[in-house]
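# Fold and geometry: a report
What follows is each chain in one-letter form.
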Amino acid sequence: MVITGLLSEHAAGDARLDWWQAAACRTADPDIFFPVSAHGPGQHDIARAKEICARCPVRRQCLQFALATHQVHGVWGGTTEEERRLEMHAVATVPAQREGRAEG
Ligand code: SF4
């Protein structure tokens, strides 16, 4: 989770975001977590962001927050928006597959 002004305001008023205080990205360049594109130069930014996430002590909480709040853009918990979209799709389709229902 990149510490944006908006999220900082949220965290200040929400004890559930205590984990944010330990975020490894607090002093990182926010732009690398929100590249303009996942391709071209954006790939380098994503790789740098993921390096920071890899050593972040609150990675799990960050990813849970991103999934719970439907964060569409940016790198959260070491995942890109595309990776989170695939994860959500997989979670949504597993029960249907277990029950033998077709995905739809
Ligand atoms: S997992 Fe990554 S984006 Fe989330 S708080 Fe940690 S460093 Fe920031």
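Computed from a prediction, not measured in an experiment: that's the story for all the values here.

As a further point, take the overall build of the protein. Within the protein, the secondary structure is distributed over four helices and zero strands. Of the regular secondary structure in the protein, the N- to C-terminal order runs α-α-α-α. Within the protein, the proportion of its 104 residues that are buried is 24%. Within the protein, counting contacts between residues at least 6 apart in sequence, those at least 24 apart form 47% of the total.

Scored by pLDDT, the protein has a mean of 84; 80% of the residues are at 70 or more. The secondary-structure element of the protein with the lowest mean pLDDT is helix H1 (residues 5–12), recorded at 48, while helix H2 (residues 41–54) shows the highest, at 96. Across residues 8–12, where pLDDT falls below 50, the model places four contacts with residues more than four positions away in sequence or in other chains.

Let's shift gears to the site of the ligand. Inspection of the region around the ligand gives 16 residues, with Ala 23, Cys 25, Cys 53, Cys 56 and Cys 62 positioned closest. For the shell around the ligand, the secondary structure elements donating two or more residues are H2 and helix H3 (59–68). A class-by-class count of the residues in the shell around the ligand yields 13 nonpolar, two polar and one charged.

A few words on the nonpolar core. Core analysis: the largest hydrophobic core is formed by 16 residues, its most contacted members being Ala 23, Ala 49, Cys 56, Cys 62 and Val 75. Top contributing element to this core by residue count: H2, with four residues.

Here we take up the environment of Pro 35. With respect to the element layout, Pro 35 can be found in the loop between H1 and H2. Here Pro 35 falls in the buried class, since 21 other C-beta atoms lie within 10 Å of it. Sequence spacing of Pro 35 and Asp 45 is 10 residues, and the spatial spacing of their C-alpha atoms is 6.4 Å. For Pro 35, the contacting residues outside a window of four places in its chain are Gly 42, Asp 45 and Ile 46.

Attention now goes to H2. Working note: α-helix, 3.6 residues per turn, so residues spaced by three or four point in the same direction. Under the 1.5 Å per step criterion, the end-to-end length of H2 is 20 Å for 14 residues, consistent within 8% with the ideal 20 Å. Turning to H2, its buried residues are Asp 45, Ile 46, Ala 49, Ile 52 and Cys 53. Along H2, the residues classed as buried sweep out an arc of 120° about the axis, all on the same side. Seen from the open side of H2, the exposed residues pointing more than 90 degrees away from its buried face are Gln 43, His 44, Ala 47 and Ala 54.

What follows covers the environment of Ser 37. Note on placement: Ser 37 falls in the loop between H1 and H2. When the C-alpha positions of Ser 37 and Gly 74 are compared, they lie 9.8 Å apart, and in sequence the two are 37 residues distant.

All right, on to H3 then. Turning to H3, its buried residues number three or more, namely Arg 59, Cys 62, Leu 63 and Phe 65. Viewed along the axis of H3, the buried residues span an arc of 160°, placing them on a single side of the element. Away from its buried face by more than 90 degrees, H3 exposes Arg 60 and Ala 68. Those residues of H3 that are buried lie in contact with H2. Remark: His 70 follows H3 within two positions and exhibits a positive phi of approximately 55°.

Criteria and cut-off values
- Residues numbered from 1 in each chain as written.
- Predicted model: local features only at pLDDT ≥ 70, side-chain atom pairs only at ≥ 80, totals over all residues.
- Helix = DSSP H or I, 4+ residues; strand = E, 2+ residues; numbered from the N terminus.
- Buried ≥ 20, exposed ≤ 12 C-beta atoms within 10 Å, placed from the backbone.
- Contact = placed C-beta atoms within 7 Å.
- pLDDT = per-residue confidence, 0-100.
- Near = placed C-beta within 6 Å.
- Nonpolar A, V, L, I, M, F, W, Y, C, P; charged D, E, K, R; others polar.
- Core = buried A, V, L, I, M, F, W, Y, C linked by C-beta atoms within 7 Å.
- Expected span 1.5 Å × (residues − 1).
- Arc of directions from axis to C-beta.

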